[in-house]
Each structure stands twice: as C-alpha cells, then as structure tokens.
Amino acid sequence: MLQRRSLLGAGLAAALPCWAADPQAQELIRAGGVVVAFRHALAPGTFDPPGFRLGDCSTQRNLSEAGRAQAQRMGRWFQARALVPAQVRSSPWCRCIDTARLAFGPAQVWPALGSPAGTSEVTHKAHVRELRQALGAATRQPGRFEVWVTHMFVLSALAGGTTAVGEGLVLGLDAAGGPRVLARLEPGL
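Presented here is an overview of the structure given in this document. Being a predicted model, the structure only gives us computed values, none of them experimental. Position labels on residues start from 1 in each chain and follow its written sequence. Since the coordinates come from a predicted model, pLDDT governs what is reported: local features require at least 70, and pairs of side-chain atoms require 80 or more to be given and counted, while whole-chain, interface and lining totals use all residues. Note: side-chain values were computed over all heavy atoms of the structure, leaving out hydrogens and water.

### Some words on unusual backbone geometry
Of note in the backbone geometry, Phe 47 takes a positive phi value of approximately 55 degrees without being a glycine. Secondary structure elements are taken from DSSP: a helix is a run of H or I of four residues or more, a strand is a run of E of two residues or more, and numbering for both begins at the N terminus. Within the secondary structure, Phe 47 is located in the loop between strand S2 (34–39) and helix H3 (65–80). The exposure class of Phe 47 is exposed, given its relative accessible area of 52%. Phi is positive for Ala 82, close to 55 degrees, though the residue is something other than glycine. Here Ala 82 is to be found in the loop between H3 and strand S3 (87–90). Remark: exposure states derive from per-residue accessible area (1.4 Å probe, protein chains only) relative to the maximum for the residue type, with buried under 20%, exposed over 50%, and partly exposed in between.

The following block contains the structure:
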C-alpha cells in the first residue's frame, strides 16, 4: 500500500503544472528597478457578459478553481525565492484582484490597469500613458520591484505581443525610454 501511495503521489507531482521563468528573471527581479506585470490567472471564457459591473463579481468572468490554484503557484514561486514586491497593484476586475490577492496578499486597485473593454479610446490611451510613467518611476528604484495584475489587452498596449493566462512580464525600459520585456514568467496550466 505504501508503494502504491508513493507511486500515486509521484504521478500527481508529475501531472501538476510547473511554473517556469527565464533563467535571468529571478536575478532581474531581485536587483529591482522593474515591474512584474501579470495577465490574470485562468478565468474561462472570453470577455465579460453584457451588463457586467465592476465591484460585483457575480456579473463578471471569474477565476476557475484551476485559475485560483495557478495564482497561488505564482505566489509560491516568489515566496520560495524570498522575492517580496514593494507594491502590488491590480485592475479593478475581480479576476485580477483575486489573482493578485491569492498570489501576493493585499493589492491596491488601480483603474489604469483596467480592461479597455467599455472605455473610450481616449481613456485607454491615457491609462497606457499613466502605466508608462509609473513604469519609468519604478525603474528608477533599484532594490525594489512592483507587481501589476492586468489583462492581455493592457499588456499588449503597454509592451506589445501577447501573453498567456497567468503569464508575467518582467518590464524595464529600452534605450529610448519605452517599455521593454526583459524576461518572462510562464505558468503551465
């Protein structure tokens, strides 16, 4: 019986998704002067239902149990390396707030990280400018890093490209002062 439990436990451990990072990610985060910007963890479906309301999670697309476990794995990766963010900020959408809190504890809700769905193009552009300014300020603070939890569309507007659910981008600035992806934290599902 003990052998069977050991084999079952080994099989379960092998089946659990891993959370991988670029080899340099840990060193970049530890050095500080970066923002680790995450796309929220797994929330099945696409977009929120018509008539959703911020502040009312029952009207939004929310994390699944797998998404909640994914967010907890994010936090464990940081804890295992004694990497503690100086600040954790989240989009006002429940799936982002839940991701941030499950991974890192208390999070400050920041409208600039909100999904562009339902906002004007002018508001979205103003939010991206605000995020770029905040990223610039964060890069001037060595020895500390921030965590932001947001949406795919926000990360795409800020840093270009696409991100998977629960993926993190270690962001700094390029030579021209624009956002640059320095490393990726890629979760398995």
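Anyway, onward from the coordinates.
### Considering the pairing of strand S5 (residues 145–150)
Taken across its six residues, S5 has six buried, putting it largely inside the fold. A two-sided burial pattern is seen for S5, the buried positions comprising Phe 145, Val 147 and Val 149 on one face and Glu 146, Trp 148 and Thr 150 on the other. When DSSP locates at least two bridges between a pair of strands, those strands are taken to pair. As defined by bridge partners, S2 adjoins S5 across six bridges and the pair is classed as parallel. Considered in S5, the bridge of Val 35 is made with Glu 146. Bridge count between S3 and S5: four bridges; the pairing is parallel. Bridge pairing in S5 places Val 88 opposite Val 147.

### Describing helix H5 (residues 121–139)
With 19 residues, H5 extends 27 Å between its outermost C-alpha atoms, agreeing within 8% with the 27 Å of an ideal straight helix rising 1.5 Å per residue. Taken together, the buried positions of H5 are occupied by His 124, His 127, Val 128, Leu 131, Ala 134, Leu 135, Gly 136 and Ala 138. Take the residue count of a helix, subtract one, and multiply by 1.5 Å to get its expected span.

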